[in-house]
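Here are the chains, one letter per residue:
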Amino acid sequence: MDASKPAIEIKGLYKLYGHSPQTALDTLRDDPSATGAPGHFVALRNINLSIEPGKICVIMGLSGSGKSTLLRCINRLVDPTGGRILIGGREITGAGKKELRQIRSNSIGMVFQHFALLPHMSVVDNVAFGLRIAGMPRKERRAKASKALELVGLKDLDNRKPSSLSGGMRQRVGLARALVMDTPILLMDEPFSALDPLIREEMQQELLRLQATLNKTIVFVTHDPNEAATLGDRIAILLKGEVVQEGSPMDIVLSPANDYVRNFVKGIDVFKVLTAGQVMEADAGFQAAEWKKQDVVKVGADDLIAPYLDRLSSNSGPLAVVRNDGSFAGLVTGASLLKALAANISPPNRKPQSAAVAGTSGGKGMAEAMQRAV
Ligand SMILES: Nc1ncnc2c1ncn2[C@@H]1O[C@H](COP(=O)(O)OP(=O)(O)OP(=O)(O)O)[C@@H](O)[C@H]1O
Ligand SMILES: [Mg+2]
């Protein structure tokens, strides 16, 4: 794969279901104002997305909005009706069977929602299954699979049968099975949605821990806004087969494009997205020379503020916000945090102002966040 190109580029992608989708697509493309194609179901409509290498892109949307269809177009488990998909600059939309098989085993791994483990096979053989199909000898593939199991925290369980594992453990096996193929891209379709909330959060942290060293390009489908905010470098929100907003979790939480997105993100804990740069005071009366001397904790402008809430609420000193070039950007104190939050609260008699935190109408979320902050 060419590392200078986006890992995945989706250009003008359409998927129509019906008796003659191609003809229906031509008609639809000729008339941009058309709401649909008669006799056909438009599952995806003019999707354009570019996903950078090493990033996690979350696809979020209501049931039936086209998330799985979009994900499955990326590895061509679903064939698009129109548009192009490029993987590392290489067009896969027209790839033949042999080339597709090669791309799937070398470039794109997939983790399914319901584990999809083979019940009669041991855990290690389940994980090694893709390597077996690729023709790797037994000893070698089992050694690799054992390593992948260790990576996901399942050491010494190689010979167990899937039925003897808990849901969380089975999902780890599913993850190991995708990781063992060592593909630069991972597609994950609601992989944690069958898990109970605590295990689910544990798996999210596990994925982030793995991602810190593996640096894969991940496309992750979820219904859950908090999961999206925890995992996503970018989030794309689908509605009826169209992307209604794409941006960083912060953009989406703080500036939802419309009511659909607003409803989706109102449950997101604002501290999952709020960064030091947004709640600092730039003119805190601190000279660059002084802050360097002081015993202050330094944070990056893009660092989340959440890990420092205890420190800020116990008046244990300010945080110095440092730019990428190492220069001083501003100071976060309990007061600056409250000021930034308060500027964006919209109780019935107060309109949000624009301040360090860009305009949000998430009054309730912000008010709750503020209560927790004080
Ligand atoms: N083979 C098919 N024939 C006709 N319609 C289909 C087919 N496959 C999917 N669809 C329709 O396409 C739409 C999008 O389906 P998709 O599975 O992508 O939704 P989703 O966003 O993943 O939903 P969920 O959150 O429930 O998994 C749905 O309305 C579905 O009924
Ligand atoms: Mg789905």
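Whatever comes next refers back to the structure up there.
A brief report on the enclosed structure follows. (Residues numbered from 1 in each chain as written. Chains lettered and ligands numbered in written order. Predicted model: local features only at pLDDT ≥ 70, side-chain atom pairs only at ≥ 80, totals over all residues. Heavy atoms only, no water.)

Turning our attention to the overall build of the protein chain. On a plain count of helices and strands, the protein chain comes out with 15 helices and 13 strands. For the protein chain, the residues scored as buried account for 48% of the 374 residues in total. The long-range fraction of contacts in the protein chain, counting pairs at least 24 apart against all pairs at least 6 apart in sequence, stands at 65%. As presented, the protein chain carries roughly 18000 Å² of accessible surface, and 51% of it is formed by carbon and sulfur atoms. (Helix = DSSP H or I, 4+ residues; strand = E, 2+ residues; numbered from the N terminus. Buried < 20%, exposed > 50% of the residue type's maximum accessible area, 1.4 Å probe, protein only. Contact = heavy atoms within 4.5 Å. Areas by Shrake-Rupley, 256 points an atom, 1.4 Å probe, with all protein chains shown as cover.)

Taken together, 13 residues lie near ligand 1, and Ser63, Gly64, Lys67, Ser68 and Thr69 sit nearest. At 2.7 Å from an oxygen atom of ligand 1 is found a side-chain nitrogen or oxygen belonging to Lys67. A distance of 2.9 Å separates an oxygen atom of ligand 1 from a polar atom in the side chain of Ser68. Protein contacts shield 59% of the accessible area of ligand 1, which totals 640 Å² for the unbound molecule. In terms of residue count, helix H2 (residues 67-74) provides more of the shell around ligand 1 than any other element does, three residues in total. Classifying every residue of the shell around ligand 1 gives four nonpolar, seven polar and two charged. (Near = heavy atom within 4 Å. Polar contact = N/O pair within 3.5 Å; in protein donor to acceptor, adjacent residues only side chain to side chain. Nonpolar A, V, L, I, M, F, W, Y, C, P; charged D, E, K, R; others polar.)

Bridging between strand E1 (residues 8-17) and strand E4 (residues 82-87) involves five bridges; their strand directions are antiparallel. In the strand pairing of E4, Ile10 is matched with Ile85. Looking at chain direction, E4 and strand E5 (residues 90-91) are connected through two bridges and run antiparallel. Within E5, the residue paired with Leu86 across the bridge is Glu91. Here E4 folds back onto E5, and the loop between the two strands holds two residues, one of which, Gly88, carries a positive phi near 55 degrees. (Pairing = 2+ DSSP bridges.)

With respect to the helices and strands, Asp189 occurs in strand E7 (residues 185-189). Setting aside its immediate chain neighbours within four residues, Asp189 contacts Ser68, Leu71, Arg72, Met110, Val111, Phe112, Gln113 and Val221.

Turning next to the packing of helix H4 (residues 123-133) against helix H6 (residues 167-179). Contact pair H4 / H6: the axes reach a minimum separation of 7 Å and the direction vectors enclose 35 degrees. Handedness of the crossing formed by H4 with H6: right-handed. Here H4 contributes Val123, Asn126 and Val127 to the contact with H6, which in turn contributes Val173, Ala176 and Arg177. By residue class, the composition of the contact of H4 with H6 is four nonpolar, one polar and one charged. (Axes fitted to C-alpha atoms, helices over the stretch in contact; angles between N-to-C directions. Left-handed = near helix turned anticlockwise from the far one by under 90°.)

Taken in spatial order, the three strands of this open sheet run E11-E12-E13, and their pairing is mixed. The outermost strands of the open sheet, each flanked by one partner alone, are strand E11 (297-300) and strand E13 (328-332). Averaged over neighbouring strand pairs, the angle between their axes works out to 35 degrees when direction is ignored. Across four bridges, strand E12 (residues 319-322) lies against E13 in antiparallel orientation. Paired with Val321 across the bridge in E13 is Gly330.

Once that is clear, we can look at H2. H2 sits mainly inside the fold: six of its eight residues count as buried. Of the residues trailing H2, Arg76 is marked for its positive phi of about 65 degrees.

Let's shift gears to the environment of Leu304. Checked against the element boundaries, Leu304 lands in the loop between E11 and helix H13 (309-313). When the C-alpha positions of Leu304 and Leu274 are compared, they lie 5.7 Å apart, and in sequence the two are 30 residues distant. Not counting chain neighbours up to four residues away, the residues in contact with Leu304 comprise Phe271, Lys272, Val273, Leu274 and Thr275.

In contact at an axis separation of 8 Å, H4 and helix H5 (residues 138-151) are set at 120 degrees when each is read in the N-to-C sense. Taken together, H4 and H5 sit at an angle that is classed as oblique. Regarding H4 and H5, the two cross each other, and that crossing is right-handed. Taking contact as the criterion, the partners of Val123, Val124, Asp125, Val127, Ala128, Leu131 and Arg132 in H4 are, on H5, Arg141, Arg142, Lys144, Ala145, Ser146, Ala148 and Leu149. Here the contact of H4 with H5 is composed, by residue class, of eight nonpolar, one polar and five charged. (Parallel < 35°, antiparallel > 145°, perpendicular 65-115°, else oblique.)

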